[in-house]
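Residues per chain, in single letters:
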Amino acid sequence: MEILEVMESRHSVRQYLDKKIEDEKRKILDEMAQKFNAEANLNIQIIYDEPKCFDSLLAHYGKFSSVANYICMVGQKCADLDEKTGYYGEKLVLKAQEIGLNTCWVASTHGKTAAKINAGEKQAIIIALGYGANQGSQHKNKPNLAQISADDPDWYKAGVKAALLAPTAINQQKFFIERNGENVKISAQKGVCAKIDLGIVKCHFEMASGKKL
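Residues numbered from 1 in each chain as written. Predicted model: local features only at pLDDT ≥ 70, side-chain atom pairs only at ≥ 80, totals over all residues. Heavy atoms only, no water.

### Regarding helix H4 (residues 81–98)
In this model H4 runs 26 Å from its N-terminal to its C-terminal C-alpha over 18 residues, within 8% of the 26 Å that 1.5 Å per residue would give. Counting buried positions along H4 gives 13 out of 18 residues, so the element sits mostly inside the fold. Within two residues after H4, Gly 100 carries a phi angle of roughly 95°, on the positive side. (Helix = DSSP H or I, 4+ residues; strand = E, 2+ residues; numbered from the N terminus. Expected span 1.5 Å × (residues − 1). Buried < 20%, exposed > 50% of the residue type's maximum accessible area, 1.4 Å probe, protein only.)

Pasting the structure below:
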């Protein structure tokens, strides 16, 4: 499946089936998380078969059900931690979708996680993971999120299309994309989880365009 197809098929899912994630799929995600930890100085932890985190009033308020697996995006406290967790977390999200699993970014509507957070570290956000009871639904895009014209190169058009498919907190899409020749700038406005969203959007743009921002 092409990366744009994966992005188009992936939607936020809050209700899950009582079905274990197979060992081979766990291995794929665990190895990817370890790679990202080494590459970006993160401490991503994937927690399996642990339903307590989403058995809370906040989780029920967020309309989550039967969530027993989740990804904890943990890393050393630093200025770009949120952006890094968005960027690398979305890579895991897309891989999960590719291998037949569903996900949902969760900022606050969950209980205490089972992550081990060391001194100087912070858990920036978590991601629900598992087999969805449904496949979710596509979000609507806000207008004027990118500077784009018919004369733009194909790589830029692909990157913009992918960026518009990126999940953002409460679907706020507070970002703007502009191109100057081969250079692309993606800027984030203030908002809930804005830096995490920026990392997610950059991930989508890079994976579809083949350009490093």
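### Here's the deal with the packing of helix H2 (residues 23–40) against H4
For the pair H2 and H4, the least separation of the axes is 10 Å and the interaxial angle reads 160°. It follows from the interaxial angle that H2 and H4 lie roughly antiparallel. Note on packing geometry: the crossing formed by H2 with H4 is right-handed. Within the contact between the two elements, H2 uses Ile 28, Leu 29, Met 32, Ala 33, Phe 36, Glu 39 and Ala 40 and H4 uses Lys 84, Tyr 88, Lys 91, Leu 92, Lys 95 and Ala 96. In the contact of H2 with H4, the residues fall into nine nonpolar, no polar and four charged. (Axes fitted to C-alpha atoms, helices over the stretch in contact; angles between N-to-C directions. Parallel < 35°, antiparallel > 145°, perpendicular 65-115°, else oblique. Left-handed = near helix turned anticlockwise from the far one by under 90°. Contact = heavy atoms within 4.5 Å. Nonpolar A, V, L, I, M, F, W, Y, C, P; charged D, E, K, R; others polar.)

### Things to note about the sheet that holds strand S1 (residues 45–47)
The four strands lie next to each other as S1-S2-S4-S3, forming an open sheet whose pairing is antiparallel. Looking at which strands have only one partner, the edges of the open sheet turn out to be S1 and strand S3 (102–106). On average, adjacent strands in this sheet sit at an angle of 25° to one another, irrespective of strand direction. Two elements, S1 and strand S2 (residues 69–76), share three bridges in a ladder whose sense is antiparallel. The residue bridging Ile 46 from the neighbouring strand is Ile 71, located in S2. (Pairing = 2+ DSSP bridges.)

### Quick word on the nonpolar core
In summary, soluble globular proteins display a tendency toward joint burial of nonpolar side chains. In terms of nonpolar packing, the biggest core is built from 42 residues, with Leu 29, Ile 44, Leu 129 and Ile 177 touching the most fellow members. Sorting the residues of this core by element identifies H2, S2, H4, strand S4 (121–130), helix H5 (154–164), strand S5 (175–180), strand S6 (183–188) and helix H6 (194–209) as the ones contributing at least two each. Those residues in contact with Ile 44, other than ones at most four positions away along the chain, are Ala 33, Phe 36, Asn 37, Ile 71, Cys 72, Met 73, Val 74, Tyr 88 and Leu 92. Core analysis: the next-biggest nonpolar cluster, separate from the first, contains 16 residues, Tyr 70, Val 74, Cys 104 and Ala 115 among them. (Core = buried A, V, L, I, M, F, W, Y, C linked by side-chain atoms within 4.5 Å.)

### Here we look at the packing of aromatic side chains
By the definition in use, this model includes six aromatic pairs. Ring pairs connect the aromatic residues Phe 36, Tyr 87 and Tyr 88, which therefore count as one cluster. In this structure, Lys 19 packs its charged tip against the face of Tyr 131, placed 4.1 Å from the ring centre. It is Lys 211 that lies over the ring of Trp 155; its NZ or CZ is 4.8 Å from the centre. (Phe/Tyr/Trp six-rings, centres within 6.5 Å; stacked < 30°, edge-to-face > 60°. Lys NZ or Arg CZ within 6 Å of the ring centre and 35° of its normal.)

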